[in-house]
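Here's the letter readout for the chains.
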Amino acid sequence: MGNLRTRIVSWVTRRYLARAQKKGLDLSKLAILPDAALMPLKRDALDPVPELGRAREQTPVTKLPVPFGLNLWLVSGYEEAKAVLGDAKAFSNDFEHLVGKADGAEQNPGGLGFADPPVHTRLRRLLTPEFTMRRLSRLKPGIEEIVNERLDLMAKADGPVDLVEEFALPIPSLVICELLGVPYEERDAFQHLAVARFDLFGGAGASLGAISESLEYLLGVVREQRKNPGDGLLGMIIKEHGDEVDDRELAGLADGVLTGGFETTASMLALGALVLLQDPESFAKVRDDDESIHGFVEELLRYLTVVQVAFPRFAREDVEIGGQSIKEGDMVVVSLSGANRDDVLGQAMGGFDGTRVPAKHLAFGYGAHRCIGAELARMELRSAYPALVRRFPEMRLAVSPDELEFRKVSIVYGVEKLPVTLR
Ligand code: HEM
């Protein structure tokens, strides 16, 4: 979801501009939303900005100030977030509610995340069998190998190492290679492409270029697999449902898996490593106690909530949530980071507690669009953190924490670089 903001804004703008000529509106201003509307996308180091907590305490469903007569609601309470995400009948994920029906056959860029039933149901059903525990277990040895290879490479470095570049980015992109069934010799090309996909600093042009490059590349992979289907996700879908899906649709699904599974997991790996570096007790526990990793990863998912907001939802009908009347057509942004800090979940949910095993959280969303890759992400995190701290028990931050640069405004939160000394 890395370049999602850029994608959404440029897609909405492109779609809108065509309609605007007919209607005389200017929605391209979406790119310059007022600060208050961007509040759920901002943080103060690892924590959401304090305004988010205040908003949740006062009104867990609150209207954000936006121009163009659009009604935009921010939902930051846990129960209220579940009420929205769990009601696919009252809330749609389709951006057409904002920009109107597509005139041509222009493809929606968000894959599953922007689709409603029946399209969502059909596409998700193609993917679901590839994400069962049984199918995912085939990836476990490969994940361990990928993690160990990265640690071997890091061990060769003389000076400080950037954990983002050497650890957090390569692991999920190589795992997605394995998942999709991209041939081994193409790993480097795939990794390069994956990283280019979310280079927000490349600007909208560069990101869009990377999206079409990625789609073209994946289309090539799909065509190869069509001729000679392998054992990965693409090969299996081709073998079992090849006649229900065309090559472009399949490349789009693979692109959705890459977008959904790469930057999210990479951000978790980097920010989770930062938490470990700043919390010696958790560091020691993850190093010494195999059982602790499950609770540690759940608390980390909850506390970091790297996907800060869910895809926007649009009310299909008038509906009351948290005592507020949301009207048909209104847009609703669910703050997952707000919901995961709601005190209905327990005590002192604002902070990270390495001894807590949270019973529930919304880091993977909820309802029909809940993250399809949640178990795969957990497998990666549970494998990578213990391996990292066991290999480098002396690891320390190589800069002071206030020198770290975090994303300023983003849907997926992250740190740009994480320099560490390993010994
Ligand atoms: C720690 C890592 C991850 C986090 C925090 C995360 C979070 C999320 C969240 C919050 C959603 C739901 C958004 C909404 O309802 O609007 C989502 C959806 C999705 N995720 Fe993940 N995700 C992660 C890893 C992955 C992985 C590894 C994959 C695949 C390899 C993946 C693929 C997807 C897809 C395809 C969707 C769309 C599902 C749908 O709309 O039906 N994610 N993810």
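Residues numbered from 1 in each chain as written. Predicted model: local features only at pLDDT ≥ 70, side-chain atom pairs only at ≥ 80, totals over all residues. Heavy atoms only, no water.

Engineer: Got a sec to walk through the coordination of the iron atom of the ligand? Specific residues and values, please.
Structural biologist: Of all protein atoms, just one serves as a donor to the iron atom of the ligand, and that atom is Cys-371 (SG), at 2.3 Å. Tracing the chain through its elements places Cys-371 in the loop between helix H18 (336–339) and helix H19 (374–391). (Donors = N, O, S within 2.8 Å, 3.2 Å for Na, K, Ca; no water. Helix = DSSP H or I, 4+ residues; strand = E, 2+ residues; numbered from the N terminus.)

Engineer: Any chance you could break down the sheet that holds strand S4 (residues 72–75) for me, citing the residues and the numbers?
Structural biologist: Across the sheet, 5 strands lie side by side as S3-S4-S10-S7-S5; this open sheet has mixed pairing. If you trace the sheet from one side to the other, it starts and ends with strand S3 (61–64) and strand S5 (91–92), each paired once. For strand S7 (residues 313–315) and strand S10 (residues 331–334), the ladder comprises 2 bridges, and the chain directions are antiparallel. Looking at S10, one finds that Arg-313 is bridged to Val-332. In this fold helix H4 (residues 78–85) packs onto S3, S4, S5, S7 and S10, with an angle of close to 130° to the strand it touches most, S10. (Pairing = 2+ DSSP bridges. Contact = heavy atoms within 4.5 Å. Axes fitted to C-alpha atoms, helices over the stretch in contact; angles between N-to-C directions.)

Engineer: Talk me through the packing of aromatic side chains; I want residue IDs and the actual numbers.
Structural biologist: Per the stated rule, a full pass over the model turns up 6 aromatic pairs. Ring geometry for Phe-114 against Phe-311: centres 5.1 Å apart, planes inclined by 65°, an arrangement best described as edge-to-face. Residue Phe-114 is found in the loop between helix H5 (96–99) and helix H6 (119–127), and its partner Phe-311 is found in the loop between helix H17 (292–304) and S7; the two are separated by 197 residues along the sequence. Of the residues examined, Phe-114 reaches a relative accessible area of 3% and is grouped as buried. Residues Phe-406 and Tyr-413 carry aromatic rings whose centres are separated by 5.8 Å and whose planes lie at 10° to one another, so their mutual orientation is stacked. (Phe/Tyr/Trp six-rings, centres within 6.5 Å; stacked < 30°, edge-to-face > 60°. Buried < 20%, exposed > 50% of the residue type's maximum accessible area, 1.4 Å probe, protein only.)

Engineer: I'd love a proper account of the sheet that holds strand S6 (residues 161–162), names of residues and values included.
Structural biologist: The 3 strands lie next to each other as S6-S12-S11, forming an open sheet whose pairing is antiparallel. Of all strands in the sheet, those with a lone pairing partner are S6 and strand S11 (396–397), marking the two edges. Pairing analysis gives 2 bridges linking S11 to strand S12 (residues 419–421), with the strands arranged antiparallel. Bridge pairing links Arg-396 to Thr-421 in S12.

Engineer: Quick rundown of the pairing of S10? Include the residues and the values.
Structural biologist: Burial of the side chains of S10 extends over both faces: Met-331 and Val-333 are buried on one face and Val-332 and Val-334 on the other. Examined bridge by bridge, S4 and S10 share 4 bridges and lie parallel to one another. Counted as the bridge partner of Leu-74 is Val-333 from S10.

Engineer: Describe unusual backbone geometry, with residues and values.
Structural biologist: Backbone torsion omega between Pro-117 and Pro-118 reads 5°, so that peptide bond is classified as cis. Take Pro-118: it is sitting in the loop between H5 and H6. With a phi angle near 50°, Ala-45 is a residue other than glycine that sits in the positive phi range. Inspection of the secondary structure puts Ala-45 in the loop between strand S1 (43–44) and strand S2 (47–48). Its identity as a non-glycine residue notwithstanding, Ala-348 has a phi of 50°, on the positive side.

Engineer: An account of the environment of Gly-272 is requested, with residue identities and associated values reported.
Structural biologist: Structurally, Gly-272 can be placed in helix H15 (residues 263–278). We classify Gly-272 as buried; its relative accessible area is 0%. Gly-272 sits 24 residues away from Phe-296 along the chain, and the two C-alpha atoms are 9.6 Å apart. Those residues in contact with Gly-272 that lie beyond four places of it in its chain are Ser-267, Leu-300, Leu-304 and Tyr-385.

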